[in-house]
Amino acid sequence: MSTLLIESSGQTPDEIASGLFNESAADQAHDTPVVSLPNILVRTSREITSVLNTLYRSRGFLEQAAVPRLQRTHQNLRQASEASETATHTLLDGLGHALVLIDQLDHSARPQDLTPTRPDHAIRFDLREEVYRLIYSLQFQDIVAQQIAYATR
């Protein structure tokens with residue numbers, strides 16, 4: 001109802017409020033709750049407008065403070081992810097080469113040395129298992145790095 005009154009009068013809420021606040025004391029003394037309703041609505045509208053303006057300004061301040069920090073964080077995450085990815089690939093390459101060397105040790109051993117009871121065979125077997133465990137760990141780390149890279153795009 002108050003919106004219709006404001007729109008039909010062609011006045012801004014502030015103009016209407018100033019007109020209502022400047023009523024004579026005699027007019028205000030005879031106000032009933034229904035008569036004072038437009039005055040209450042105008043004051044409420046002004047308060048809401050003031051709160052919204054404050055929120056809008058606060059949002060601007062927060063954006064000014066947060067955006068550069070988020071950009072720096074994004075850049076740092078990307079650099080860490082790239083460095084981690086490079087290190088992971090280097091380690092995976094080295095571990096792959098270590099597996100090749102272990103296989104060469106197996107092939108260079110004499111057939112009688114390949115029996116499971118020989119300590120050198122057991123050591124090569126354990127070494128191979130350890131290398132595979134490290135490879136799986138690095139592959140997991142590589143997947144995490146890819147997810148971080150995706151999240152920071």
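Only a predicted model underlies this, so the values are computations on that prediction, with no experimental measurement involved.

Asker: Tell me what's going on with the environment of S81, and back it up with residues and numbers.
Answerer: Here S81 is to be found in helix α4 (residues 37-108). In the structure, S81 is positioned 67 residues away from I148 in sequence and 6.9 Å away in space, judged by C-alpha atoms. With near-sequence residues (within four places) excluded, S81 lies in contact with A145, I148 and A149.

Asker: Lay out the confidence of the model for the chain with the relevant residues and their values.
Answerer: Taken over all residues, the pLDDT of the chain has a mean of 78, while the share at 70 or more is 72%. Mean pLDDT across the elements of the chain ranges from a minimum in helix α1 (residues 2-9), with 46, to a maximum in α4, with 89.

Asker: Provide a residue-level description of the nonpolar core, including the pertinent values.
Answerer: Counting residues in each nonpolar core, the largest one holds seven residues, listed as L92, L95, L99, I102, V131, I135 and L138. Elements represented by at least two residues in this core include exactly α4 and α5 (119-151). Broken down by element, this core gets its largest block of residues, four residues, from α4. Residues in contact with L95, not counting those within four places in the same chain, are V131, L134, I135 and L138.

Asker: Tell me what's going on with α5, and back it up with residues and numbers.
Answerer: Over its 33 residues, α5 extends 48 Å from the first C-alpha to the last, a length consistent with the 48 Å expected when each residue adds 1.5 Å. For α5, every residue scored as buried is listed here: R124, R128, V131, I135, L138, D142 and A145. Buried residues along α5 sit against α4.

Asker: Describe the pattern of salt bridges, with residues and values.
Answerer: This structure, assessed with the given rule, holds six salt bridges. For the salt bridge of D106 with R128, the shortest nitrogen-to-oxygen distance reads 2.6 Å. Pair noted here: D106 is in helix α4 and R128 is in helix α5, with a separation of 22 residues, a long-range link.

The rules we used
- Residues numbered from 1 in each chain as written.
- Predicted model: local features only at pLDDT ≥ 70, side-chain atom pairs only at ≥ 80, totals over all residues.
- Heavy atoms only, no water.
- Helix = DSSP H or I, 4+ residues; strand = E, 2+ residues; numbered from the N terminus.
- Contact = heavy atoms within 4.5 Å.
- pLDDT = per-residue confidence, 0-100.
- Core = buried A, V, L, I, M, F, W, Y, C linked by side-chain atoms within 4.5 Å.
- Buried < 20%, exposed > 50% of the residue type's maximum accessible area, 1.4 Å probe, protein only.
- Expected span 1.5 Å × (residues − 1).
- Salt bridge = Lys/Arg side-chain N within 4 Å of Asp/Glu carboxyl O.

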